[in-house]
Every structure is written in C-alpha cells, then in structure tokens.
Amino acid sequence: MINVLRHVIVLAGLMLWLSPSSAQEISFTASVDRNAIATGEYVKLTINLSNTQERFEAPSFGGLVVVQGPFENSSFNYVNGRMTSSVGRTWVLTATAPGKYTIGSAKVRVGGGSIQTDPIVIEVSKGASTRPSDPGAAQGQSRDANLFATIALSKNKAYVGEQVIATYTLYSRYANIELSKYDLPRMDGFWAEEIDLGDTNWEDQLQTVNGLQYRVAVLKRQVLFPQRSGKLRIAPVELECVVNRSFFNRGTPVTVRSNTVELNAMALPANAPGSFNGAVGELEMIVKADRTVVKANEAIELNITYAGRGNLKLMEAPDLNFPSDFEAYDPKVTDKINVNGGGMSGSRSFQYLVIPRHEGEFPLEPIIFTYFDTRTGAYRTIQADPMTIQVSAGDGSTGAMITRPSKSDVEVLGKDIRYIRTGDLELRPTDHRLFGSLPWLAGMGTPALAFFAFLAWRRERAAALQDVAGSRRKRADRVARKRLNEAEVALKSSDRNAFYDALGKALHGYIGDKFGLGPAEISAANLHDRLGGYTGGAFLAADFVELLQVCDMARYAPVEERPRQRLYSEAAALIGRTEQLVRA
C-alpha cells in the first residue's frame, strides 16, 4: 500500500511538471526574408532553436552561394518564474544563375530523437545587370563560387599570323590565399610571346561577377600568333593554392582548374602576291640610304624598316638583288619591339652594307613589301620610291678604300738564324740535381697533404649535410634577416600586403629553423616548451606569440593594431634577443 501511494505521488508530480504552465516547448524553425530574387540580389536565411542547448549544423543551400555569415545570436529570458532561451544563425545568400533553388532541412538531435526544419524554395529570375563580360568567369564561378581561374582571349576569331592576347586571371573570395604552383598550358598551333607583368599582385578594385565581389589577380598575359588554320584549343591552366592559413591553422589546400578556350583561326586568302613573305598586321615600310652619290669602293648603308603592329619578330630579311658590280654583306638586324597588354608593336630594321666597285650609274630594283592587313582583311603591297646610285671614279686614297685581310698560309720567319741570348743566363752547375732537394720534397709532399686535407673537409661537410636540424639552426638568423630586409623594402614603398607577408615569413621561418619545427608545429605550447628552459625564455615566448597574433590579424583582416614601423622594430629586436639567449 505504501509503495502504491509513493508511485501515485511521483506520477502526480511528473504530470504537474509537464503541465503547460511550466513546460518549456522546444522549437526549431527556418525562415527567409523573401522567396523570390533576381541573380545578384540577396536573401537572408535565419534558423532559430529555442529552449535547448544542442548544436545544429547548417543545412544544404542547394546551390545558393554564401555572401556573408553565419552570424550567431542568442537570448535568455526569465519572466514570472518561466525561463526561455534561444540561439539563432543568419546567412546572407545569393544565386549566380536563374532557376529554382531548395534550401534543405537543418537537423538537431534532442534527447533520443531529432527534429528538423522545413525545406525552403527560392525562385531566382534573370537579373538585368549581372551578366559577366567574361563567360569564362561564369563558368568558373559555377564550379567554385569562392575561388576560380579563367583564360580569356582578346578575340575568338583571328587570321593565321594575327596577334591575340591571352589573359590568365585568378578570382578569390578568401581573405588569405597562397599560390604554391601553377602550370601554363602547352601551346599547340600557336607561337607565344610572354608579356612581362612584374610581380603578381591583387588589383586595387574588387570585381563583381553575378553579384559576388572578388579580389582579382592577373597571373599571366601572352601574345599568341596562330600558325595554322582551324579550331585551335588552349588547355586549362592548373593551380595549387592554400587558403585561410594562419598562425594557428595550416590552411586548406585547393586545386583550381580554369576553363578551356578555343580560337577560330582563319586561313589567309589564297590570292597572295609573290612578294608576300608571311607578314600580318598593321604595318608600313621605310627605305633609306645614307647617300646615293659615292666613289668607287666607298660603302653605302641601306636601311629597310618595317614598323607598326604585327608579328614583327617573325619577319625575315627581304631578298634584294643588287647590281653585279656591288658587293653586299648580310644585313644587320635591329629590333625596337615592345610586347605589352596591347600586343606586339615597334619596328624591325635590316641594315645592308653595299660597296660599289666600279664607276657608273646603277638603278636599284624597286623594293616591294606585301603584307596581310588585318584591318581590311586583304593583302596590301607597298613599293619604295625608285633609287639610283651614282658612282664616280675612286681617288685611290686609303680613306676611300675598304681593305680586307687576304687569306695566305702561315709563314715561319727566322728559321735559319736564331737570336743569340747574352747576359746572365742563370746557369746551374753540372753536378746539381733536383732529386732529393728541398723543393723536390715539398713538391712531392704537397699533393699528399692536400689529399688528406680534402678528405677531412669532405668528412666534415658530409656530417654537416646529415645534420639538417643543425644547418637550419645555423642559418636561421641569416634567413630571418634577409626576410626582414624584404619587409623593410615593402615598408618604405607602403606596400601593406608585401610587408605583412614578409614579416610573417620572417617570424615563422626563424622559429621553425631555430627550433626544428615544421609549419604545423609552430604553436604557443611548442614555443613555451622550447624557450622555457632558458632564463627569461617564458617572457620571450609570450612576446613571440603576441607579435605573431598581431601580424596574422593585420594580414587577414583590415585592422592594424600598431604602426608597421613599430612592428618591424619589435620583430628585429625579438630575433636579436632570441639569438643572445640561445647562444648564452
């Protein structure tokens, strides 16, 4: 009877605790601020979980791209003896292409079961101003909206020999990215000329692709000249990157593969004149002679210059026919060619040295130049003005003569009578011998001593090479000073990214080399462990950790806690203090 009464009392208490007046209802909801957007516009997704402390994971966004978030918020209320709590997360999402997107259900485990939110459908229509100028950017964005690369051509159709600019571009939404390797594709059917861009840097302005903003870096530009007609394909460029690397995070490796591009190379028209030698572009010809009235055996310089935009480096010397009385030499080639973002332009000159040997009047054959004009899509022929060389009789003076060494056999002179030497001949006595003398002993012993010295040096060098950790320790200070010099150069040029990159590498590299730590082993605990055995080492380790955190914050966020000059001085002083402490 007593046991039955006890069970009734417990059951009544349980029912009272579960009554609506005192129970805490668990709710788990997902909501958006709107269900229809255009490409490039944003939708806000909010998920709330009430009256439980369980953690929930983000749902599948169904192809929508995260612009910002998640942002977390929580609340706690206690009213009239009733306690309620809630935690929520908010994401800002967008779509890069029209269509219907479904945000999946978020799930959370409560007790022995689980609850989930309802799926949400977002209708995305085509935006009026979000179409990218580069289709390759939209293609890359569809593969990875946070990091992609593109290859873009200045034109998709060109004649054989016409120049086309290829641009290799990297788009990133990561705060921190390190490019470890990238391989340019092999060119099949193209003659390529590299454009010097200097160091690869991020552009100052962000670019927007389908409503998402990206940091953009031009990796490489090339001037391409198609060498055959038909569809010419440029394979994708492949890159290996590490994103989100920091002092406490080794980062995540990411492989990027760009789009593939094709160029429609059109064959040149078949009606090419006989004087056409493959020149294509927007060109002109300039013919000049330093003089046309000379004496026999005097030299004339004839210059033929091709100038403009086109495949100048592929142009060959013209085939000229001079009169038989003229002696002509192979031309000297002078290039003044620029290769930049606008393509290849400038001039190529051929300087001929011509020497008339007899007097008379010699008309030169007309110099004709034919090229394919890409502006009109037709061949164009340029003919230089007629030129006549007036040669008068030479005066026989050395100034008017061009002398060349004649070919003849080498003659041995003074074979019959030799010069008789007189004076001190430094003769030695007949009984003097080198064998057994001090110079002989020194000469014989030196190679043996040198050999043993070489063996000792080689043994010492082999031991040093095997001691990798010791080598790293010895060169730690020298390598750190070199990187600090790079940081100083960036500091003077006000290059913020280069300064923090060099300073961070100097500190990380010094710690790793000095204490034999890998990049993933550099942590506050390991620093305290390595320096704790020295007097004052704990304070030094704390200074290192604090300085590294400040540098990482400045590298990966637009916040600078202290002036750069002060950070540079602190880093240099900290490395110097460590050297003194470890050597003591």
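Structure: see above.
These figures come from a predicted structure and were not determined experimentally. (Residues numbered from 1 in each chain as written. Predicted model: local features only at pLDDT ≥ 70, side-chain atom pairs only at ≥ 80, totals over all residues. Heavy atoms only, no water.)

## Some words on the overall build of the protein
A count of helical and extended segments in the protein gives eight helices and 30 strands. Considering the protein as a whole, with its 584 residues, one finds that 36% of them fall into the buried category. By sequence separation, contacts in the protein at least 24 residues apart represent 71% of the contacts at least 6 residues apart. Only carbon and sulfur atoms are counted for the fraction: they give 52% of the accessible area of the protein, which is about 35,600 Å². (Helix = DSSP H or I, 4+ residues; strand = E, 2+ residues; numbered from the N terminus. Buried < 20%, exposed > 50% of the residue type's maximum accessible area, 1.4 Å probe, protein only. Contact = heavy atoms within 4.5 Å. Areas by Shrake-Rupley, 256 points an atom, 1.4 Å probe, with all protein chains shown as cover.)

## Some details on the environment of proline 331
Summarising the element assignment, proline 331 is placed in the loop between strand 24 (326–328) and strand 25 (332–340). Owing to a relative accessible area of 26%, proline 331 belongs among the partly exposed residues under this scheme. Spatially, the C-alpha atom of proline 331 lies 9.2 Å from that of leucine 302, the residues being 29 residues apart in sequence. For proline 331, the residues in contact, after removing those within four places along its chain, are Ala317, Phe350, Gln351 and Tyr352.

## Side note on helix 5 (residues 496–515)
The terminal C-alpha atoms of helix 5, which comprises 20 residues, lie 29 Å apart, in line with the 28 Å expected from a rise of 1.5 Å per residue. In terms of burial, helix 5 is largely enclosed, as 15 of its 20 residues are buried. Residue aspartate 495 occupies the N-cap position of helix 5, its side-chain oxygen lying 3.3 Å from the main-chain nitrogen of alanine 498. Of the residues trailing helix 5, glycine 516 is marked for its positive phi of about 65 degrees. (Expected span 1.5 Å × (residues − 1). Polar contact = N/O pair within 3.5 Å; in protein donor to acceptor, adjacent residues only side chain to side chain.)

## A few points about the pairing of strand 7 (residues 107–110)
With four bridges connecting them, strand 7 and strand 8 (residues 113–116) associate as antiparallel partners. Bridge assignment links valine 110 to a residue of strand 8, and that residue is glycine 113. Between strand 7 and strand 8, which pair antiparallel and follow one another directly, the connecting turn spans two residues, one of which, glycine 111, has a positive phi of 65 degrees. (Pairing = 2+ DSSP bridges.)

## Observations regarding helix 2 (residues 135–143)
Every buried residue of helix 2 is listed here: Gly136, Ala137, Gly140 and Gln141. Looking down the long axis of helix 2, one finds its buried residues gathered within 135 degrees of arc, a one-sided arrangement. Pointing more than 90 degrees away from the buried face of helix 2 are the exposed residues Pro135 and Ser142. Of the surrounding secondary structure, the elements contacted by the buried residues of helix 2 are strand 10 (147–153), strand 12 (164–172), strand 15 (207–209) and strand 16 (212–226). (Arc of directions from axis to C-beta.)

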